[in-house]
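As a plain string of letters, each chain reads:
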Amino acid sequence: MKSYLAAAVQMTSLPDLDKNLAQAEELIELAVRRGAELVSLPENFAFLGTEEEKIEQAGTIATKTEKFLKTAAQKFQVTLVGGGFPVPVGKEGKVYNTALLVGPSGEELSRYEKAHLFDVDLPDGNTYRESRTVMAGVKLPDVYHSEQLGGIGLSVCYDVRFPELYRHLSKLGADVLFVPAAFTAYTGKDHWQVLLQARAIENTCYAIAPAQTGTHYAMRQTHGHAMIIDPWGVILADAGDLPGVAIAEISPQRLARARAQMPSLQHRVFA
Ligand SMILES: O=C(O)CNC(=O)[C@H](CS)NC(=O)CCC(=O)C(=O)O
């Protein structure tokens, strides 16, 4: 593993696939121009609209988004994390909320289907029933071991509240934990940064969290603050609340130092 720059993109995705993919490409290009070799896009980067619209367009969203990720990775010669985005499954009109890791040759390196679905009623009046349209993934994510970029583990958004998933990834040798998200403004203000720092600290891994920000449609507002956190829990970059990119260095020396100073992974008893 070498030292390199990683980027967490922050977007305001809309119920408009082509517009979103164009915005994503601009932000990937911006990150690459600043030297990023590993660029990540938030949950719902390709489409953020009502569940009805999402299901109607799921086939097109899946095909175009996968092609977009592979083409963009090749065009900019970078490794990309994208997702989740809907991929149709079965006959019930449901989708997997899928995250993909794609290498610079456009090859798929890893795929993860979101396992924890956001079925929550918030005190601000918003009701979320992700399971109405999404089928829960049943497989723990793999770690992709890149000689250059280290061990890379995927997750999606609400997963961040389930530490056992990240423990699984760190046990498999993850160095970088991805949490692409569309966190609600309401929960985000109190929970987002704390949860990400906890996942980074307890696993002595980098946490990279691309995010949605702003108002997408109707009452849907997201928290923003795409960020990169180091294995000691220090926030290295924070995108604030406007579209843009958070960029920071991922360093094997910093990983080694944090793990030497706090060898908690070696002291695990139960998991
Ligand atoms: O809002 C939308 O329409 C888009 N959001 C999403 O698609 C997903 C599933 S509903 N959001 C989350 O998982 C938020 C989790 C979260 O915010 C928390 O854990 O607090």
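These numbers were taken from a predicted model, which means no experiment stands behind them.

What follows concerns the confidence of the model for the chain. Of all residues in the chain, 100% have pLDDT values of 70 or greater, and the mean over the chain is 97. Among the prediction metrics, the complex's ipTM stands at 0.94, with pTM recorded as 0.98.

Here we take up the nonpolar core. Counting residues in each nonpolar core, the largest one holds 45 residues, and the members touching the most others are Leu38, Phe178, Trp192, Leu196, Ile208 and Ile250. Residue assignment for this core shows that the elements contributing at least two residues are strand E1 (4-11), strand E4 (94-102), helix H3 (163-171), strand E10 (176-178), helix H4 (185-203), strand E11 (206-209), strand E14 (227-229) and strand E16 (244-250). Sequence-distant contacts of isoleucine 250, defined by excluding residues within four places in its chain, comprise Met1, Lys2, Ser3, Tyr4, Ala6, Val176, Tyr206, Ile208 and Ile228. Within the second largest apolar cluster, 29 residues are counted, among which are Met11, Leu17, Ala24 and Ala31.

Turning our attention to the environment of serine 146. With respect to the helices and strands, the residue serine 146 is situated in strand E8 (residues 143-146). For the pair serine 146 and leucine 48, spaced 98 residues apart in sequence, the C-alpha to C-alpha distance is 31 Å. At 2.9 Å, the side chain of serine 146 and the backbone nitrogen of leucine 149 are in polar contact.

What follows concerns the packing of aromatic side chains. Evaluation of the coordinates by the stated rule reveals six aromatic pairs. Residues phenylalanine 118 and tyrosine 128 carry aromatic rings whose centres are separated by 5.0 Å and whose planes lie at 50° to one another, so their mutual orientation is tilted. Of this pair, phenylalanine 118 sits in the loop between strand E5 (108-113) and strand E6 (119-121) while tyrosine 128 sits in strand E7 (residues 127-129), placing them 10 residues apart in sequence. One exposure class covers both phenylalanine 118 and tyrosine 128, and it is buried. Pairing phenylalanine 118 with tyrosine 158 gives two aromatic rings, centres 5.0 Å apart and planes at 65°, and the pair type is edge-to-face. Within this pair, whereas phenylalanine 118 is found in the loop between E5 and E6, its partner tyrosine 158 is found in the loop between strand E9 (150-153) and H3, the two being separated by 40 residues in sequence. The exposure classification of phenylalanine 118 matches that of tyrosine 158, with both residues buried. For the cation-ring pair, lysine 189 lies above tyrosine 186, with the distance from its terminal atom to the ring centre recorded as 4.1 Å.

The immediate surroundings of the ligand are formed by 16 residues, with Asn44, Lys114, Arg161, Thr187 and Arg220 found nearest. Take tyrosine 217: an N or O atom from its side chain is 3.4 Å from an oxygen atom of the ligand. For the shell around the ligand, the residue count by class is eight nonpolar, three polar and five charged.

Criteria and cut-off values
Residues numbered from 1 in each chain as written. Predicted model: local features only at pLDDT ≥ 70, side-chain atom pairs only at ≥ 80, totals over all residues. Heavy atoms only, no water. pLDDT = per-residue confidence, 0-100. Core = buried A, V, L, I, M, F, W, Y, C linked by side-chain atoms within 4.5 Å. Buried < 20%, exposed > 50% of the residue type's maximum accessible area, 1.4 Å probe, protein only. Helix = DSSP H or I, 4+ residues; strand = E, 2+ residues; numbered from the N terminus. Contact = heavy atoms within 4.5 Å. Polar contact = N/O pair within 3.5 Å; in protein donor to acceptor, adjacent residues only side chain to side chain. Phe/Tyr/Trp six-rings, centres within 6.5 Å; stacked < 30°, edge-to-face > 60°. Lys NZ or Arg CZ within 6 Å of the ring centre and 35° of its normal. Near = heavy atom within 4 Å. Nonpolar A, V, L, I, M, F, W, Y, C, P; charged D, E, K, R; others polar.

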